[in-house]
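# A closer look at the structure
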Amino acid sequence: MALYKNGGALTHTLDNAFDGTHSPGTAAPHPGIYKCTGCGDEIAIAGGHTLPPQNHRQHNTGARIAWQLLVYPVQQN
Ligand SMILES: [Zn+2]
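Residues numbered from 1 in each chain as written. Predicted model: local features only at pLDDT ≥ 70, side-chain atom pairs only at ≥ 80, totals over all residues. Heavy atoms only, no water.

### Here we look at the pairing of strand E2 (residues 32–36)
In plain terms, the rule: The pairing criterion is simple: DSSP has to find at least two bridges between the two strands. The helix count covers DSSP runs of H or I at least four residues long, the strand count covers runs of E at least two residues long, and both are numbered beginning at the N terminus.
Bridging between E2 and strand E3 (residues 42–45) involves 4 bridges; their strand directions are antiparallel. Bridge pairing in E3 places Gly32 opposite Ile45. Adjacent in sequence and paired antiparallel, E2 and E3 are bridged by 5 residues, among which Gly40 carries a positive phi angle near 85°. The pairing of E2 with strand E4 (residues 67–71) spans 4 bridges and is classified as antiparallel. Paired with Cys36 across the bridge in E4 is Trp67.

### Observations concerning the sheet that holds E3
In space, the 4 strands of this open sheet follow the order E1-E4-E2-E3, with antiparallel pairing throughout. Across the chains shown, the open sheet's two edge strands, defined by having one partner strand only, are strand E1 (21–22) and E3.

### Notes on the pattern of salt bridges
Basically, it comes down to this: The term salt bridge refers to a side-chain nitrogen of Lys or Arg lying within 4 Å of a carboxyl oxygen of Asp or Glu. Remark: exposure states derive from per-residue accessible area (1.4 Å probe, protein chains only) relative to the maximum for the residue type, with buried under 20%, exposed over 50%, and partly exposed in between.
Here the structure, examined in full by the defined rule, presents 1 salt bridge. Measuring nitrogen to oxygen at the nearest pair gives 3.0 Å for the salt bridge that ties Glu42 to Lys35. The partly exposed category is assigned to Glu42, whose relative accessible area is 25%. On the basis of relative accessible area, Lys35 is assigned to the partly exposed category, the value being 25%.

### Details of the layout of surface pockets
Just so we agree on the cut-off: Throughout, the protein atoms alone are placed on a 1 Å grid, and a set of points is a cavity if a 1.4 Å probe fits but cannot get out or a pocket if it is open with protein on both sides within 12 Å along at least five of seven lines; lining residues have an atom within 4 Å of a point. Grid points are joined across faces, edges and corners, and a volume is the space filled by probe spheres set on the points. Amino acids are sorted into nonpolar (Ala, Val, Leu, Ile, Met, Phe, Trp, Tyr, Cys and Pro), charged (Asp, Glu, Lys and Arg) and polar (every other residue, Gly among them).
For the largest pocket, the calculated volume is near 500 Å³. Along its surface, the largest pocket is lined by 14 residues, and Leu10, Thr11, Leu70, Val71 and Tyr72 are the ones closest to its centre. Split into classes, the residues belonging to the lining of the largest pocket amount to 11 nonpolar, 3 polar and no charged.

Geometric values such as these leave the question of function open.
This is how it looks when you write it as structure tokens:
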């Protein structure tokens with residue numbers, strides 16, 4: 001599970017960018033931290049970079065690997 005110390009630096013949102021899951025090997029729609037709904041692994045990735053493929057981690061359960069956005073940065077203009 002992702003950790004943080006200064007919660008005041010994060011903003012809660014209901015943005016639907018956090019609702020979907022993304023297949024391994026596809027482009028990340030946002031930069032940020034993604035969590036695998038299959039095994040709980042977490043990664044940080046730049047926007048447009050490819051999400052880790054099927055072999056990113058061994059699964060004892062055979063759970064489906066699907067990446068879900070957990071945190072994304074807001075860049076100031
Ligand atoms: Zn996984």
